[in-house]
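Tertiary structure, described
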Amino acid sequence: MDLQIRLSRPTDINVIRDLDIKCYDYPLEMAEWQDLLNSSGKDDCARIVVVEMFKKALGFAVWKMLPPESGVNEQVCFLYRLGVRPGVRNRGLGSKLVETCEAHAIKMQADLIRTTVPHFKCKVGDPDDVSGFLHKHGFNATGHIIPEYKFMFGKWTDGYIFEKHFNGVTAC
Ligand SMILES: CC(C)(COP(=O)(O)OP(=O)(O)OC[C@H]1O[C@@H](n2cnc3c(N)ncnc32)[C@H](O)[C@@H]1OP(=O)(O)O)[C@@H](O)C(=O)NCCC(=O)NCCS
């Protein structure tokens with residue numbers, strides 16, 4: 001299987017936008033993607049990776065090391081986006097993207113990865129559920145809820161925070 005995960009390039013804009021629209025009910029605007037792609041991988045900027053099979057982009061992930069919060073002694077890697085094209089899901093591509101994010105977070109000496117998911121994507125058994133996927137990868141809901149996280153389908157929806165702590169795992 002000719003599978004590769006690579007750092008994004010600015011010329012990925014149309015491919016990434018297409019994936020984002022297919023994966024998210026709240027896709028980012030073109031200008032936001034352009035900014036993210038222009039700085040992807042640079043110090044203190046978000047990192048975007050693309051998973052390709054036979055050179056066809058099938059999924060992507062976006063994460064960023066957050067600046068330390070005052071009074072909080074934790075280095076957080078925030079996973080902003082993770083998507084695999086419908087039709088090629090459940091073949092392990094999402095897992096490979098999470099593992100890539102994880103390896104980079106550990107290399108950057110993060111203590112944890114955090115992500116936020118709209119509450120309607122946390123219904124076990126529902127086709128859109130992602131909580132099962134996150135649990136499988138060692139993420140747990142923190143219990144903190146972000147009220148009115150996203151506006152979609154004509155109303156505000158709350159967000160659930162999930163975290164995976166590394167507990168001292170270091171890069172080899
Ligand atoms: C979440 C997402 C990236 C998963 O991608 P994927 O390529 O289907 O994931 P994988 O094939 O690697 O799945 C890994 C495992 O999780 C399991 N899994 C996937 N979705 C699941 C769910 N909703 N509930 C329980 N388990 C799930 C798979 O069965 C698989 O288990 P297995 O290895 O024992 O077979 C994909 O569903 C997606 O793009 N969703 C829409 C975007 C989104 O909501 N992103 C937010 C993610 S935080």
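Just above, that's the structure.
Residues numbered from 1 in each chain as written. Predicted model: local features only at pLDDT ≥ 70, side-chain atom pairs only at ≥ 80, totals over all residues.

1. Brief notes about the overall build of the chain
- Of the regular secondary structure elements, the chain holds four helices and seven strands.
- Along its sequence from the N terminus, the chain presents helices and strands in the succession β-α-α-β-β-β-α-β-α-β-β.
- Whereas a compact globule of 172 residues would reach a radius of gyration of roughly 16 Å, the chain reaches 16 Å, a difference of no more than 12%.
- For the chain, with 172 residues in total, the buried portion stands at 23%.
- Nonlocal contacts in the chain, meaning residues at least 24 apart in sequence, comprise 57% of its contacts between residues at least 6 apart. (Helix = DSSP H or I, 4+ residues; strand = E, 2+ residues; numbered from the N terminus. Rg over C-alpha atoms; globule rule 2.2 N^0.38 Å. Buried ≥ 20, exposed ≤ 12 C-beta atoms within 10 Å, placed from the backbone. Contact = placed C-beta atoms within 7 Å.)

2. Considerations on the site of the ligand
- Neighbouring residues of the ligand: 21 residues in total, closest Val84, Arg89, Gly94, Ser95 and Gly132.
- Going through the elements one at a time, strand S4 (76-84), helix H3 (93-107), strand S5 (112-118) and helix H4 (131-136) are the ones with two or more residues in the shell around the ligand.
- The element that contributes the greatest number of residues to the shell around the ligand is H4, accounting for four residues.
- For the shell around the ligand, a count of residues per class yields nine nonpolar, seven polar and five charged. (Near = placed C-beta within 6 Å. Nonpolar A, V, L, I, M, F, W, Y, C, P; charged D, E, K, R; others polar.)

3. Concerning the sheet that holds strand S2 (residues 47-53)
- Spatial ordering of the open sheet is given by S1-S2-S3-S4-S5-S7-S6, a layout of seven strands whose pairing is mixed. Each edge of the sheet is formed by a strand with only one pairing partner; in this case those strands are strand S1 (3-7) and strand S6 (140-152). With direction set aside, neighbouring strand axes in the sheet form an average angle of 25°.
- In the sheet, S6 pairs with strand S7 (residues 155-165) via seven bridges, with the strands oriented antiparallel. The partner of methionine 152 across the bridge, within S7, is lysine 155. (Pairing = 2+ DSSP bridges. Axes fitted to C-alpha atoms, helices over the stretch in contact; angles between N-to-C directions.)

4. Section: the nonpolar core
- In terms of nonpolar packing, the biggest core is built from 25 residues, with Phe60, Ala61, Leu79, Leu97 and Cys101 touching the most fellow members.
- Residue assignment for this core shows that the elements contributing at least two residues are helix H1 (13-23), helix H2 (30-39), S2, strand S3 (56-65), S4 and H3.
- In terms of nonpolar packing, the next biggest core, distinct from the first, is built from five residues, Val117, Leu134, Tyr160 and Phe162 among them. (Core = buried A, V, L, I, M, F, W, Y, C linked by C-beta atoms within 7 Å.)

5. As for the pairing of S2
- Counting buried positions over the seven residues of S2 gives five, a clear majority of the element.
- Bridge count for S1 against S2 is five bridges, and the pairing is antiparallel. In the sheet register, isoleucine 5 faces S2, and the bridge partner there is valine 51.
- Here S2 folds back onto S3 in antiparallel fashion, the turn holding two residues, of which phenylalanine 54 has a positive phi close to 45°.

6. A short note on H3
- The end-to-end C-alpha separation of H3 is 21 Å, in line with the 21 Å expected for 15 residues at 1.5 Å each.
- Of all the positions in H3, only Leu93, Gly94, Leu97, Val98, Cys101, Glu102 and Ala105 are classed as buried.
- Looking at the packing, one finds that the buried side of H3 touches S1, S2, S3, S4, S5 and H4.
- Glutamine 109 sits one or two residues past H3 and shows a positive phi near 65°. (Expected span 1.5 Å × (residues − 1).)

Function cannot be read off these values alone, since they describe shape.
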